[in-house]
Structures are given as structure tokens and as C-alpha cells.
Amino acid sequence: MAEIITDETIDYVSILAKLKLTEAEKEDAKADMQKMLNYIDKLDELDTSGVEPMSHVFSFDNVFREDVVTNQDDRDAMLANAPLAKDGQYKVPKTVE
Amino acid sequence: MAKQYETVIGLEVHVELATKTKIFCGCTTAFGGAPNTHTCPVCTGMPGSLPVLNRQVVEYAMAVGLAANCQINQYCKFDRKNYFYPDNPQNYQISQLYLPICHDGYIEIETGSGKKQVRIHEIHMEEDAGKLIHDEWEDCSLVDYNRSGVPLIEIVSEPDMRSAEEVTAYLDKLRLLIQYIGASDCKLQEGSMRADVNLSVREVGAEEFGTRTEMKNLNSFKAIGRAIEGERARQIELLEEGKAVIQETRRWDDNKEYSYAMRSKEDAKDYRYFPDPDLLPVNISDAWMNRVKDALPELQPQRQERYEREYGLPAYDAQIITASKKMADIFEETVALVSNPKKVSNWLMVETMRLLKEKNQEPEDLRFDPENLAKLIRLTEDGSVNSSVAKEVFEKIFTDDIDPEVYVTEHGLKTVNDDGALEEVVCKVLEENSKVVEEYRSGKEKVLGFLVGQVMKAMKGKANPAKAGELLKKKL
Ligand SMILES: [Zn+2]
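So, how was this worked out
- Residues numbered from 1 in each chain as written.
- Chains lettered and ligands numbered in written order.
- Predicted model: local features only at pLDDT ≥ 70, side-chain atom pairs only at ≥ 80, totals over all residues.
- Heavy atoms only, no water.
- Helix = DSSP H or I, 4+ residues; strand = E, 2+ residues; numbered from the N terminus.
- Buried < 20%, exposed > 50% of the residue type's maximum accessible area, 1.4 Å probe, protein only.
- Contact = heavy atoms within 4.5 Å.
- pLDDT = per-residue confidence, 0-100.
- Phe/Tyr/Trp six-rings, centres within 6.5 Å; stacked < 30°, edge-to-face > 60°.
- Pairing = 2+ DSSP bridges.
- Disulfide = S-S within 2.5 Å.
- Donors = N, O, S within 2.8 Å, 3.2 Å for Na, K, Ca; no water.
- Tetrahedral: all angles 85-135°; square planar, octahedral: opposite > 155°, others 65-115°.
- Buried area = accessible area lost by both parts, 1.4 Å probe.
- Salt bridge = Lys/Arg side-chain N within 4 Å of Asp/Glu carboxyl O.
- Polar contact = N/O pair within 3.5 Å; in protein donor to acceptor, adjacent residues only side chain to side chain.
- Nonpolar A, V, L, I, M, F, W, Y, C, P; charged D, E, K, R; others polar.

What to know about the environment of Phe84(B)
Line of reasoning, step 1. Along the chain, Phe84(B) falls in the loop between strand E5 (79-82) and strand E6 (92-95).
Line of reasoning, step 2. On the basis of relative accessible area, Phe84(B) is assigned to the partly exposed category, the value being 31%.
Line of reasoning, step 3. Each C-alpha atom, one on Phe84(B) and one on Lys357(B), is 43 Å from the other, the two residues being 273 residues apart in sequence.
Line of reasoning, step 4. If near-sequence neighbours (up to four positions away) are discounted, Phe84(B) is found in contact with Leu16(A), Ala17(A), Lys18(A) and Asn91(B).

A look at the confidence of the model for chain B
Line of reasoning, step 1. Predicted confidence across chain B gives a mean pLDDT of 91, with 98% of residues reaching 70 or more.
Line of reasoning, step 2. Here the predicted complex scores 0.83 on pTM and 0.89 on ipTM.

Quick word on the packing of aromatic side chains
Line of reasoning, step 1. Summed over the entire model, instances satisfying the criterion amount to 12 aromatic pairs over all chains.
Line of reasoning, step 2. Plain terms: the ring middles of Phe58(A) and Phe60(A) are 6.3 Å apart, the flat faces sit at 50 degrees to each other, and that makes the pair tilted.
Line of reasoning, step 3. Between Phe24(B) and Phe78(B) the ring centres are 5.6 Å apart and the planes differ by 85 degrees, which places this aromatic pair in the edge-to-face class. Here Phe78(B) lies in the loop between strand E4 (75-76) and E5 and Phe24(B) lies in the loop between strand E1 (5-16) and strand E2 (53-54), a separation of 54 residues in the sequence. Like Phe78(B), Phe24(B) is buried.

Considerations on the pairing of E5(B)
All names here are of chain B.
Line of reasoning, step 1. Going residue by residue along E5, you find Asp79 and Lys81 tucked away on one face and Arg80 and Asn82 tucked away on the opposite face as well.
Line of reasoning, step 2. The sheet contact formed by E5 and E6 spans 4 bridges and is antiparallel. Counterpart to Asn82 in the pairing with E6 is Tyr92.
Line of reasoning, step 3. For E5 and strand E16 (residues 274-275), the ladder comprises 2 bridges, and the chain directions are antiparallel. Its bridge partner being in E16, Asp79 is matched across the sheet by Pro275.

Overview of the state of the cysteines
Residues and elements named next belong to chain B.
Line of reasoning, step 1. Throughout the structure, instances matching the rule amount to 0 disulfides over all chains.
Line of reasoning, step 2. The closest cysteine sulfur to the non-disulfide-bonded Cys76 is located on Cys102, 8.3 Å from its own sulfur.
Line of reasoning, step 3. Cys102 carries a free sulfur, and the closest cysteine sulfur to it, the one in Cys70, is 5.1 Å from it.

A word on the sheet that holds strand E9 (residues 131-135) of chain B
Strand-to-strand pairing in sheets goes through backbone hydrogen bonds, with the strands running parallel or antiparallel.
Line of reasoning, step 1. Pairing is antiparallel across the open sheet formed by 4 strands, whose spatial order is E2(A)-E3(A)-E10(B)-E9(B). A strand with exactly one partner marks an edge of an open sheet, and here the two such strands are strand E2 (85-86) of chain A together with E9 of chain B.
Line of reasoning, step 2. Bridge count between strand E3 (residues 89-93) of chain A and strand E10 (residues 140-144) of chain B: 4 bridges; the pairing is antiparallel. Along E10(B), the bridge assignment pairs Tyr90(A) with Val143(B).

Quick word on the confidence of the model for chain A
Line of reasoning, step 1. Considering every residue of chain A, the mean pLDDT works out to 90; 97% of them sit at 70 or more.
Line of reasoning, step 2. Mean pLDDT values over the elements of chain A span from 90, in helix H1 (residues 7-16) of chain A, up to 97, in strand E1 (residues 64-65) of chain A.

Here we look at the coordination of the zinc ion
Residues and elements named next belong to chain B.
Line of reasoning, step 1. Around the zinc ion, the protein contributes the donor atoms Cys25 (SG), Cys27 (SG), Cys40 (SG) and Cys43 (SG), which lie 2.3 to 2.4 Å from the metal centre.
Line of reasoning, step 2. Here the zinc ion is ringed by 4 donor atoms whose angles at the metal span 100 to 115 degrees, and the overall shape comes out tetrahedral.
Line of reasoning, step 3. Accessibility expressed as a relative area gives 7% for Cys40, which makes it buried.

A few points about the interface of chain B and chain A
Line of reasoning, step 1. Across the contact, 57 residues belong to chain B and 37 residues belong to chain A.
Line of reasoning, step 2. Where chain B abuts chain A, roughly 4,300 Å² becomes buried across the two surfaces, and 55% of that area is made up of carbon and sulfur atoms.
Line of reasoning, step 3. Joining chain B to chain A, the criterion identifies 5 salt bridges.
Line of reasoning, step 4. Across the pair Asp135(B) and Lys86(A) runs a salt bridge whose closest N-O atoms are separated by 3.0 Å.
Line of reasoning, step 5. Counting the contacts that link chain B with chain A gives 24 residue pairs in polar contact (both at pLDDT 80 or more).
Line of reasoning, step 6. The set of elements that each furnish at least two residues to the side of chain B that touches chain A consists of E2, helix H1 (55-67), E9, E10 and strand E17 (282-283) of chain B.
Line of reasoning, step 7. The element contributing the most residues to the side of chain B that touches chain A is E10(B), with 5 residues.
Line of reasoning, step 8. By residue class, the composition of the side of chain B that touches chain A is 30 nonpolar, 13 polar and 14 charged.
Line of reasoning, step 9. Of the pairings in the sheet, the one linking E1(A) to E2(B) comprises 2 bridges and is parallel in character. Considered in E2(B), the bridge of Phe64(A) is made with Leu53(B).

Next comes the structure, spelled out in C-alpha cells:
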């Protein structure tokens, strides 16, 4: 039996995801997440003993780049994506450690 | 009787790898560029950009692991560590949780009571974050992503250390190993090697570990030593007062010699790791692993042993010189040019160490060309400069890497080997110091030193003191 998604779980997950949800959205999210957990339960019904855990959907591995510089200074193009910038840097709300 | 406490320490050491490019993109890792000039869509976390792993990162991580007696996970992969902080443009750091590249190794250290193994739990590959600076004018923060995506390895030890001395010995060993492999320059001050200290205390004889804290912001061996002492004292005081140690991350303030709890971010420390679907697994064949193993260079213990055997250096000298890869390389290159290991070792052990200390630098900062030290040694060997001039010239080599042959000629520092000129001065000195001359003749031979000094002074330091002494004796 799948774990029940409670209001506390939804609140906790929205804090982690930095999302502010309305009550209606919370209910929707709760229902969606519950469906996912139930589906996982369904999968658990299968006998997977002796099956290697899949770590990736593609059956490739070892895709590498060589250690060679290929990028030039593209700062202005990168900064154009930022909502706010100052002195060639990304401007963000104050962070204090 | 007062309770006796034992300190239990484990380290998480981050090392910036010496690759030319970042771990997942072709941006340079060079230091000192203007902010954000070394960035691209991948290392600024643009949606849709795809990371591609730098092969050299795997090679370095594997080499360090093999040298630290680790097992290699020949099938390894990357995971996402999720957290929101502006130094991290993707909102997750690419790291390795489930299958790190290396595990279960050890480093052997020397302690007061003999050799000891510090076990390594794992070594994993990950990416560095950007830099945040606080902007006083607008009360905001500014981000530079030049360091974002610079490859790191994190070396996680078991809680096997019991004192600041053991921690220093472990870090020293680890640093030497990585420097000799060439995987990083490991400068604590500049942040290419960073250590987080996990520390707890327990009563001597207790089996359970106490609650541990994690200390960050330690950027020198001395700071690490002080932080360990400070945090040990703080935890013991809490226990003595019957209070509990709280498991938390603390920031060491080396000026105040106290650690402060880092303000916990509003959300819990829940990284929700999951496999990174953008990156394919790494499959290390036996052949690849063996190639890296065979290519491991001579490490510090072997080099020390070879210097003793091949060059006849005393164990102590060989140890000091090989305690820095840079110093050892300078030694070796200079010896190849002048084939006088003892003399080369002397210049490094005495004058170089003195100047490093005076200028508060590390041996890795040495910048002079071995050719110039070799030339200086030749100048002293053929009597062209005397030892005090040589020291003066060496200081110039140390600071400005000058060519000593050009320098002594330009500054007229060559020893005057013109016997006529020397004889003239000797006669003059004897004339002017008739009293001292009498003392000498009446048996007080010690005064010869004074006379040599007078000759040297008259010749502005450019005479050969041994020759001057000889000539004086002859005349007397
Ligand atoms: Zn990049």
C-alpha cells in the first residue's frame, strides 16, 4: 500500500521546490503525487529478482569531451538571459551566510 | 577526577583539478579572468544545455584513488544534488552519490606512536559553484560563474583521526600525493584545496561516537589546527555543563578563534539526490584502469628514497626537498645542470627556505629557473663570486629570476682575481693596522680575521676571502 500524501508532505515539498501553491493547487498536486506512488506500487507487483537495476534509459556509456578549451568569452550573451545584471555580474537578492 | 575526552575527526577534502577546461563544458578554468568571461550555457545552467564529461577529470580522479589505495567503481555515474542558492545556477550540483568513482582506500600517516592508516570512505567527482560578492551600494549580491563547473574531487575520510597533528599529517600526505600526480596544485590559501572538518568528542573508552559538527571555512593548516582545538573545547564545555552538542554546520572565524553556527537556510537539508539523466554512465575497462595505474608517476616516498640513494642526500634533507613537488623538480633540474647535489640541496634548504619564510610564501610559489641557480653555483665554484655576494645574487634570482652571470657583470660583483690589486690592498691594510700586525706577530693569530675583514671592506666585498687570508699570512 502506497504511502499517503498528506498536507504536511505537500507543504514540505513546496518549500523545497520554492513554490507557493493555492489551496486548490495543493489538492491537485496531492492527487497527482498519490497517483504516482500508487503506480510505483503497481510496479512492485512484478518479480524483478535477477534484473539489473537500470541506471539510464539509453544503453550508451562513456561519452566524453577532450580537455580542450572550445569556448570564448561570451559574457554579454550569457548575461542577456539574466533578469538583472550589474558590472558584468548577475544581480541577485542579498545572500548572507 | 576530571573526565578524559577523545576527539574524533573525519575530513571532507575538496580539491580543484588541474584540467584546462571545466568538467562539463569547454570553458577555461584559468584564474583571474574578468567576472563571467569564462562561462557558457552549460555552466550558467541555461535550460536545454547539455553537459558532456571531460575525460581528463575521470583520469585524475582515478589516478588519485589508485594512489590512495582505493577500489575503483568501474561502473560509475552522476547524480543531482538539489538545492537553491545563487552560486549554483542549475539549482542542483552535479555530483556522485550512489556510485562514486573510488571507495575504500587509505592513506598512511606517521604519528607520535608509529604509523597509522586513515581510511578513505570514498572519492567522488563533482562541479564547483560560482562566487558571490556582497554589493554594499545596492544591498544585493553579485554572482560570478567563472568557477562554476570547475572540476572537483571530494575525498571523504572515515572518522579515524584523533588530533590536530593527525589531521595535518593526513592533509600533508594527501596534498603531496595529489601534487606529485599533477592532479592539482592543492593550495589551501587560494582555495584549490579545501577541508571541512567533522568533529565530535567522547569520553575515553566510550564505544559510541558523540554528536558531530561540521566546520567550514578553513584555509590554512594553522587555521585547521586552531579550529580543531577550539571546537573540541566548545563541545567538552557543553557536555560538562550537561548540555547536548547539536549536529550542525559551523563556520570557523580564525580571527576570533571561535566557530559560529551557520544560519540554517529556511528549508531542511534535504538534497533529494537522483541520477542525472543528462549524463551517461562511465564504464571503466580493466585496460583503462591499468593504463592509469601504470602511468602513475613517482610519488613522494619513492622520490625521497631515490634522492638518498642516488644523490647521497641525508634523509632529513631529502624529506624537506621532496615535501614540495615544485622544490623537488627544481632540485632535480638544477642537479642535472651542475651535478653537485649537496650544493644544490644547500641552496634550497638554507637560503630558499629562509626567503620563503621571510616572504610568507609556500614552496609551490617558487618561480625561478633552475638554470639560474645552476649558473650561480658555477660562479661560486670557479671563484667568480664569494659566498656573501652569492647570497645577495640568489635573493635576486629568488625574487626576479635574474640571470646571475649578467647580473654580477652589470653590478661589478665579480671577485677580483687580479693578484696585483689584492697585494696592493693587503700591503695598505698591513701598513694602516700596525698595532694589529704586532699583536699577530706576538702570537694572537685570531686577529687575522679582522685583517681579512679590512681587506674585504677595502675591496667592496669583491675579494676572495680565502685568497686574502693566504696573502696576509705570507706577508706577515
Ligand atoms: Zn561553460
